Structure formats: structure tokens, C-alpha cells
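Below are the chains, spelled out letter by letter.
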Amino acid sequence: MKCLGEFLLFRNDGGVRGARLYSEEDPLTILTSDTLKETLRNSSTAWLIQFYSSWCGHCIQYSPTWKALAGDVKDWEQAIRIGVLDCAHEKNFEICKEFGIHFYPTFRYFKAHSSSSDIGKTYRADRELQTVRQLMVNFLQNHTRDDWPAGCPPLEPARSADILSLMGLKTDHYTAVIIEDEDSYVGREVILDLMAYDGVIVRRVLNTERTFMEKLGISSVPAAYLFRPNGTHKLMDVQKSLRFFFSSFLKLLPGVRRKQGPSALENAGGSRGQDSVEVWKEFDKSKVYMADMESGLHYLFRVELASHQTLEGEELKTFKDFVTVVAKLFPGRQSVVKLLETLLEWLVSLPLERIPYDAILDLVNNKMRISGMFLSEKLQWVGCQGSRPELRGYPCSLWTLFHTLTVQASLRPDALANTGLEEDPLAVLQTMRRYIRSFFGCRECGQHFEAMAKESLEQVKSLDEAVLWLWRKHNQVNSRLAGALSEDPHFPKTQWPTPDLCPACHEEQEGLHVWNENKVLAFLKQHYSSGNISPKYTSSNSPDMLPIQDKNAGLSSDEKPQGNQGGSLAPGGFPTRERQHGLDVPREASVNARKEPKPSMTFLVLGFSSLDMSLCVLLYAFSCVFLMLMFFFFRIRSKRWKVRYNRLYV
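Thresholds applied
Residues numbered from 1 in each chain as written. Predicted model: local features only at pLDDT ≥ 70, side-chain atom pairs only at ≥ 80, totals over all residues. Heavy atoms only, no water. UniProt positions renumbered as here; feature names shortened; annotations may be inferred. Helix = DSSP H or I, 4+ residues; strand = E, 2+ residues; numbered from the N terminus. Buried < 20%, exposed > 50% of the residue type's maximum accessible area, 1.4 Å probe, protein only. Contact = heavy atoms within 4.5 Å. Areas by Shrake-Rupley, 256 points an atom, 1.4 Å probe, with all protein chains shown as cover. Polar contact = N/O pair within 3.5 Å; in protein donor to acceptor, adjacent residues only side chain to side chain. Disulfide = S-S within 2.5 Å. Pairing = 2+ DSSP bridges. Axes fitted to C-alpha atoms, helices over the stretch in contact; angles between N-to-C directions.

An unreviewed UniProt entry lists the protein chain under the name Sulfhydryl oxidase, with Scleropages formosus as the source organism. Under the heading Cofactor (unreviewed entry), UniProt records this for the protein chain: "FAD". Comment text from UniProt for the protein chain, heading Function (unreviewed entry), reads "Catalyzes the oxidation of sulfhydryl groups in peptide and protein thiols to disulfides with the reduction of oxygen to hydrogen peroxide."

What follows covers the overall build of the protein chain. For the protein chain, the count of helices and strands is 19 helices and 17 strands. Within the protein chain, the fraction of its 650 residues that count as buried is 52%. Partitioning the contacts of the protein chain with sequence separation of at least 6, the portion at a separation of at least 24 is 80%. Roughly 30,800 Å² of accessible area belongs to the protein chain as shown, and the carbon and sulfur atoms make up 53% of that amount.

Moving on: the environment of Ser 534. Among the secondary structure elements, Ser 534 is positioned in strand 17 (residues 533-534). Judged by relative accessible area, Ser 534 falls into the buried class, the value being 14%. Residues Ser 534 and Phe 283 lie 251 residues apart in sequence; the distance between their C-alpha atoms is 9.7 Å. At 3.2 Å, the side chain of Ser 534 and the backbone nitrogen of Lys 536 are in polar contact.

This model, assessed by the stated rule, comprises four disulfides. Covalently, Cys 442 is tied to Cys 445 through a disulfide, its sulfur atoms 2.1 Å apart. Between Cys 442 and Cys 445 the sulfur-sulfur dihedral comes to about 65 degrees; the bridge is accordingly right-handed. Across this residue pair, the class does not change: Cys 442 and Cys 445 are buried. Linked covalently through their sulfurs, Cys 502 and Cys 505 form a disulfide whose S-S length is 1.9 Å.

Read across the open sheet, the five strands follow the order 1-3-2-4-5; overall the sheet is mixed. Here the strands that pair on one side only, and so sit at the sheet edges, are strand 1 (29-31) and strand 5 (121-123). Across this sheet, the average inter-strand angle for adjacent strands is 30 degrees, counted without regard to direction. Direction of pairing for strand 1 relative to strand 3 (residues 80-86): parallel, over a ladder of three bridges. Bridge pairing links Ile 30 to Val 84 in strand 3. Those strands touched by helix 5 (residues 129-141) are strand 2 (46-52), strand 3, strand 4 (106-110) and strand 5, and its axis lies near 130 degrees from that of strand 2.

Written as C-alpha cells, this is what we have:
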């Protein structure tokens, strides 16, 4: 218990301060769903905002670059500001969906004086700070005179005549002139660097002004010329003709000081208080936990896919195939399996080429109150829990789900009969590949997976080979990400299964470690079989149902996992593996993707609410009664007519 107590202390210390990739100490603005629109509406500055997900491996890797950029351009805040918003936080699910954020990280530029309906312009970020800085300059120059940021000085080249008129002129400030070629950004960057300082004005002139350059004695560019307040002027003496040297020289001039007052706005939102510290759950590393896979399905259906307003074309086909594979192969509780099967039947029965995702979400949330159908809305990581909220979690659960599906396809080869996917050993892997390519939030992670698939996926010829292919690629990802920022220090990324879980899987030939793949295959089939899935920690909101058992769940005792039982944090345990490594994938999210039902719910994609359906039933009943009354009325009337006009008169 001493080790567990020490770890809980670690989480209480880091659970809040390290709960997100960015903190209030960073030189940027942390935005939330409560502050984003208000901050952007009619802002006096332009904004560059990163919509990220704290579970996304690429976002974690990019965070130092983004922090460095924010620090580098901190003096530009009166013209353009840097912000971040975490789409993996439950509070921000809806705003990210509203802004159409499908992949992470997504970078959006917002002009100054934007309207509340502006969702910004997307651009591709670069790891080179200089490239991103130059993009920011271009963004600023895309403003018109009407929407130009109020505090931003002019960035256009000055006329040489205006500069020459300063010779011998006494003023109350320095004037620095950067002479550069047309493609250079040095002058504009120095102008923005000095905009937060009093006592100096920076202008720029192009080197096409040959007469001007000759008069000042300038032979190479970029160069800087300084006009002092006393009327004297000379070439600035700096060691290197670089932005940093020019800016530093000017900031250190006598009488030049930072402007007083609120140079930076208060953070629009913070991460303090948004995260709750969860108690560590003890787990057996030789088990697979149903709570991890159900939590992964919750995030997948209610958050990741919910960012798409409609599904059509290739996306719709990919989604249908994915639901088919999961519904037929997922060895879950009966309540979850029934939901998946109902969703599959509904998708197959609809002859539509375009489906609003809200309609699918209504079925996932069981708005029609179908008995015995339930998927928990609570994130409950067990074997996939990390030492910090942004580590492991969803990526780990997705790997777990994928491994389970490939193993179940091998153990139950007839499960996909009559689905159009039968007799295809690549069916599960190709479906996973298309899902990752179309929907997975971390785009760079998806690109890595696609590259691996292109390299060797076509070599898979059997269901057993599919199981081993995914295992090999998972270890390949694990090796690539070892030591990366997305690695959980308490669950280092190692080659899995570790020797304590499967001693027979490891061999040595000529002094080198080799895998016994026959033993690995047997281990994988046992590890991801229904009999090895623990229901511990699953939600009790719905009656627990035992997993669907497969006939091949049992293996010999020497193939079953050996080693420590319990939640040891020592490297090399099961958590280390795939739950840890992954598609560089996401983590985070806290539950209830949707807290409140919408005023009107789509029903069978036709847009009817439950009230609409009730009114339809009442109207139908009333129409039946009315028609019956009309029938009897005319029936009686026709009989009277026959009696009156069909009498025999003598």
C-alpha cells in the first residue's frame, strides 16, 4: 500500500497542474467553450488558435513548439494573439463540433473584428517557428483598412522620400529603418517585435530604392539604419543581420521601454478546476477489461464520430462496415451487443445515401427507449489508465478493441457470414484501416498507420496472420514512440508481450532475441478471448450481462499468462503494451458527450420528435373513428333511400 499511496500523492500533485498540455503559466490564452466566441467576437486583435486533443500523440509532441512560438511572438499581442482549446475536455465537445473540428491538431486563423458566426480559416502548421511566424505576418497583411487590428502598426514599405526627410530632424523618439529585399520578413517581424515599446518607431524600405541605398551607404541587405532623437543618424552596428539582433539592439537603446498598462489580456479561460483527480484502480495486467473497451466505444460513437454532421459516400460505407465488424465480433455484455446489432439492422434497412449523425447518435443514446439496450456514458479507464489524464486512455482502448476484433474473427470464422465480409482474412484489418483514415482524430497518427498498411497488409493471407500482423505493427509503433513526450513514464513503451506474461514467446538465437510467433499467436488468442475479459469496474447503470463466450477460449496452462497479479507500476507489465502504445492516439474525454437531450430528436432520419410521433398516432386513431362513423352514416342513409324510392305503387 505504500507504493500505491506514493502514486496517489503523485497524481494529486500532477493531476491538476499537469492535467492539460498547456497551463496558465504559458505565454498563451487557454480558451474554453464559455470564452471562445466571446473572445473572438469583434476582437481588436487577430487570433491564431490551436484546437487540440490532449490524448493525441502528435498534439503532445507539438506542444513545446506551440509554447515556444507563443513566447517568441509575445510582443505581437496587440496585433495577433496565440490561443489553445482542448477538444478532449467534456466541456468543449459541443463547441469543437460547432466549429467543424474533425482532426487534431487543427489550426484556425481569425481576423480582427470577426463576427460571432466566423469559424476561422484553417491552415497547416509547420514545426519550423520561422515558417509559422511568416504565416502570421501574411495573415495580418490580409486585413483590409476597415478591419485592421487597432494596435498593429503599418507593415507596408515606406517611401524613401519620407525616410530621407528625417535627416537632421529632432524628434522625441528613435526611428529605425530596415532595408531588405521584397521577399524578406525581417523588417515586418522587427516592426511587430517593437510595437509593445515606447520611444522607437520601426519602418521598412525595399532594396529597389537604389538612390536611397547609395545615399545611406548601404551595400547589402538586410541592413538597419537608425535616426536618433537628436537628429544624428548612422548604420546600426549589429553582429549579424538577423531579426533577433535588430530587435534586441533597439530594445536596449536608452529611453526605450515597454509600454505601461495591460499589454496582454487576461487568459480567457484556464484549466484550473476543470479536472478531477480519480483514484487509481488496481488491475491485473494479464486481463483485458471490458470497462476499457466500452469507454472506447463511448468516446468513438459519442465524441469522435459526433464531430461529423452527416455521413455520406465513402465515409458512410466505412461506418457501416465498421459497425458490422464490431456488432458481429465484439464479445461484450448483452446490453452493448444488442445496441450494436440494432444499429447495424437500422443502417442496413435504410436505403439512404446520406445520414445525419444526430440520428445515429439518438439510437446510440437509445432515445427510443428500447429495452435491454445500453452503452455507458462514463469513461472508466482500468488497464488503460495513465499517470496523467492526457496519457493512454482512448488510444490504448482503441488498440485493445482492434486486437480483440482480430482475435475474435480468428476464433469465430463464421461470425461475419452473410455480411459481404466473410471469407476475407483482411476484412477486419481493412475496416480498421479505413476507419482510422476517415475518422481518427490524430491525422498524423492515421498517416503512420496508413503507411504501415501500404507496406505489408496485402501479404496477410489468413485470419491468424491478421492477428500477428496487428501485433507486429503495434510493437513497431511502440518502438517508434518509446521515449516520446506521449509516453507515460509509469508505463514505458516496450515490446509486448513481456517475458513475465509469456515466457514461451521469447527465445534467443545466436545471442539475439527472437519471437516464437506460434507461441505469440496462442498467447494472443488466449489473452483477447472472451474468457479473459474482466467485467470489473463496468458501469452498473444497466444489468450486467456476461460476455458472449467463444468455443476456443481455452488454451493449455503453459500458454496462459504468467507473472504478477495486480496493478504494479513496474515497467514491462501489460499496461505497458498496447494500451500504452498506440496509434499515437487520443486520450481524454470525460464522459457524457451530450448532457441534455435536444428539444427535438430525429427519428428514423425523418426529423420527427417523440411528440410528433404521439400526435401522429392520435391523428391516426381519430381518422379511423371518423371514417367508421362516416361509413355507418352513409350506410344507413343509403338503406333509407332504397326504402323510399323502391316501393311498388299500385
